[in-house]
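Here are the chains, one letter per residue:
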Amino acid sequence: MLGLVPVILGYVPLTLAMASAAMVLALVLAVALAVERVFRVPVLDQLVLLFISFFRGTPLLVQLFLFYYGLPQVMSFLTAIDGVTAAIMGLTLHFAAYMAETIRAAIIGVDRSQWEAAQSIGMTQGQMMRRVILPQAARVAAPTLVNYFIDMIKGTSLAFTLGVTEMMGAAQKEAAGSFLYFEAFLVVAVIYWIMVEGLSQAQRALEIRLNKAYAR
Amino acid sequence: MIRIEGLTKRFDGTAVLNAIDLEIAKGERVVVIGPSGTGKSTLLRCINFLDRPDAGRITVGDISVDATRAGRADILALRRATAFVFQNYGLFAHRTALENIMEALVTVQKRPRAEAEAQARRILKEIGLADKADSYPASLSGGQQQRVGIGRAMAIGAQLMLFDEPTSALDPEWVGEVLDLMRSVAAQRQTMLIVTHEMRFAREIADRVIFMEGGRIVEQGPPAQIFDAPQDPRLQRFLARVSA
């Protein structure tokens, strides 16, 4: 069984790379969606609502299958996309929809005095969002966003269903050769668990940092 | 020179500001008094477009903005020519005292960081908070926060400083230090438009006192005239109430 550990550990970088890439992309997209939801740009607003509704309203697995196996049949240029890219894209779109709502709520929660102070010194809307509102919203949204990141790390295991050999795929192959199914999947579970625990520690450190300004 | 012509603001159809005309000379200190809900704060907020006026023209130096036609660039130009001190301080909660004062210089005026920091440190010294440069607003007293708020407004070098009841949210023990700072700002011949309920302070600092009621300027004049020889019965009643 111990022989399994290094083999499966070898796929940890791939898991972290997929999750990190999807997280960065999802954050960027979610902030854009959230800011749009706050300012409600005509027409765009309806599209954003539709986007959020669809990606929150359907299972991640279904979305991944739809994009990886389904869409290339109607849009042939998508056939060139490999499983890893498809998984990252799927995770990005799915989680961006959730994170957008979290970030929107955090933006709206920033005290009115902060918006007015930013306006009164002559900031443009972009400067106000970048310099004053988003940094303060980040503090409120951070715990929830880390939660989504945890979900995302675990979500990368679905890439297995797109034919990507990641931790699950590796475990499956090892188990099929040795019949050590319990051991193989136990190793996968423990590795995920350890990664998420590490992230929880990082979350605490992040929260202390973000709350620095608010200590009395 | 600051000129306000026909400034009008309605909330749900009721006029809170009723065609206000007002001229303020360079270096003049004007204090606005009057009962609550008579449009004093709205006047200040409209000058800064924190509330958008429905009609009227605001002229600050070379910038002249017609409320009905004001575009984004006009509003920014007007805000950059004025500075606002809020009742509840409005300090950026995630930034230190020093950073609060630097923010407009760096982000809006695009001054080099080192230069902005040097100026912010000069101002911190002036407002007596040099030792609080790295403190966040949450760790400052109300009086200290408001002094930083005034410092932030001073840093901008605005042609007009607007004070919206700057001491109304303060515990009584902190009012004195904020008024002292405003006195020293006034001593530099800064053009100021101040809404306050501190009548003694108004009498002492103002070149001119304006009494507002019902969204109109009812009476105005030098403090001695307003406080010692009020003409309008509404002003007489108001003064009797606040001195009681």
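As a reminder, the structure under discussion sits directly above these lines.
Residues numbered from 1 in each chain as written. Chains lettered and ligands numbered in written order. Predicted model: local features only at pLDDT ≥ 70, side-chain atom pairs only at ≥ 80, totals over all residues. Heavy atoms only, no water.

Caption draft 1: The arrangement of the overall build of chain A in detail. Counting its regular elements, chain A contains nine helices and zero strands. Order of helices (α) and strands (β) in chain A, N terminus to C terminus: α-α-α-α-α-α-α-α-α. For chain A, buried positions account for 43% of its 216 residues. Restricting the contact set of chain A to residue pairs at least 6 apart, pairs at least 24 apart contribute 75%. Carbon and sulfur atoms make up 68% of the accessible area of chain A, which totals about 10,900 Å². For chain A, the distance from the average site of its 14 positive side-chain charges to the average site of its 12 negative ones is 11 Å. (Helix = DSSP H or I, 4+ residues; strand = E, 2+ residues; numbered from the N terminus. Buried < 20%, exposed > 50% of the residue type's maximum accessible area, 1.4 Å probe, protein only. Contact = heavy atoms within 4.5 Å. Areas by Shrake-Rupley, 256 points an atom, 1.4 Å probe, with all protein chains shown as cover. Lys, Arg positive; Asp, Glu negative; His and termini not counted. Charge placed at Lys NZ, Arg CZ, Asp CG, Glu CD.)

Caption draft 2: Quick peek at the pairing of strand 9 (residues 208-213) of chain B. All names here are of chain B. Buried residues dominate strand 9, accounting for five of its six residues. Inspection of the sheet shows strand 3 (residues 29-33) paired to strand 9 by four bridges, in the parallel sense. Among the inter-strand pairings, Val30 is bridged to a residue of strand 9, identified as Arg208. In this sheet, strand 10 (residues 216-221) lies alongside strand 9 in antiparallel orientation, the contact comprising five bridges. Residue pairing in the sheet places Glu213 in a bridge with Arg216 of strand 10. Taken together, strand 9 and the strand that follows it, strand 10, pair antiparallel across an intervening segment of two residues, in which Gly214 is found at a positive phi of about 60°. (Pairing = 2+ DSSP bridges.)

Caption draft 3: View of the sheet that holds strand 9 of chain B. Residue and element names in this part refer to chain B. Ordered in space as 6-7-8-3-9-10, the six strands form an open sheet in which the pairing is mixed. A strand with exactly one partner marks an edge of an open sheet, and here the two such strands are strand 6 (82-85) and strand 10. Recorded for the sheet is a direction-independent mean angle of 20° between the axes of neighbouring strands. One ladder, built from four bridges, connects strand 6 with strand 7 (residues 160-164); its direction is parallel. Looking at strand 7, one finds that Phe84 is bridged to Leu162. (Axes fitted to C-alpha atoms, helices over the stretch in contact; angles between N-to-C directions.)

Caption draft 4: Main features of the packing of helix 8 (residues 167-178) of chain A against helix 9 (residues 181-210) of chain A. Residues and elements named next belong to chain A. Between helix 8 and helix 9, whose axes approach to 8 Å, the crossing angle comes to 160°. One element, helix 8, and the other, helix 9, form an angle in the roughly antiparallel class. Between helix 8 and helix 9 the crossing geometry is right-handed. Residue-level contacts link Met167, Met168, Ala171, Gln172, Ala175 and Ala176 of helix 8 to Tyr181, Ala184, Phe185, Val188, Ile191, Tyr192 and Met195 of helix 9. Partitioned by chemical class, the residues of the contact of helix 8 with helix 9 number 12 nonpolar, one polar and no charged. (Parallel < 35°, antiparallel > 145°, perpendicular 65-115°, else oblique. Left-handed = near helix turned anticlockwise from the far one by under 90°. Nonpolar A, V, L, I, M, F, W, Y, C, P; charged D, E, K, R; others polar.)

Caption draft 5: Local environment of unusual backbone geometry. Residues and elements named next belong to chain B. If you check the backbone angles, Tyr89 has positive phi at about 70° while not being a glycine. Its place among the elements puts Tyr89 in the loop between strand 6 and helix 3 (97-108). Even without a glycine there, the phi angle at Arg189 is positive, about 60°. By the secondary structure assignment, Arg189 is in the loop between helix 6 (172-187) and strand 8 (192-195).

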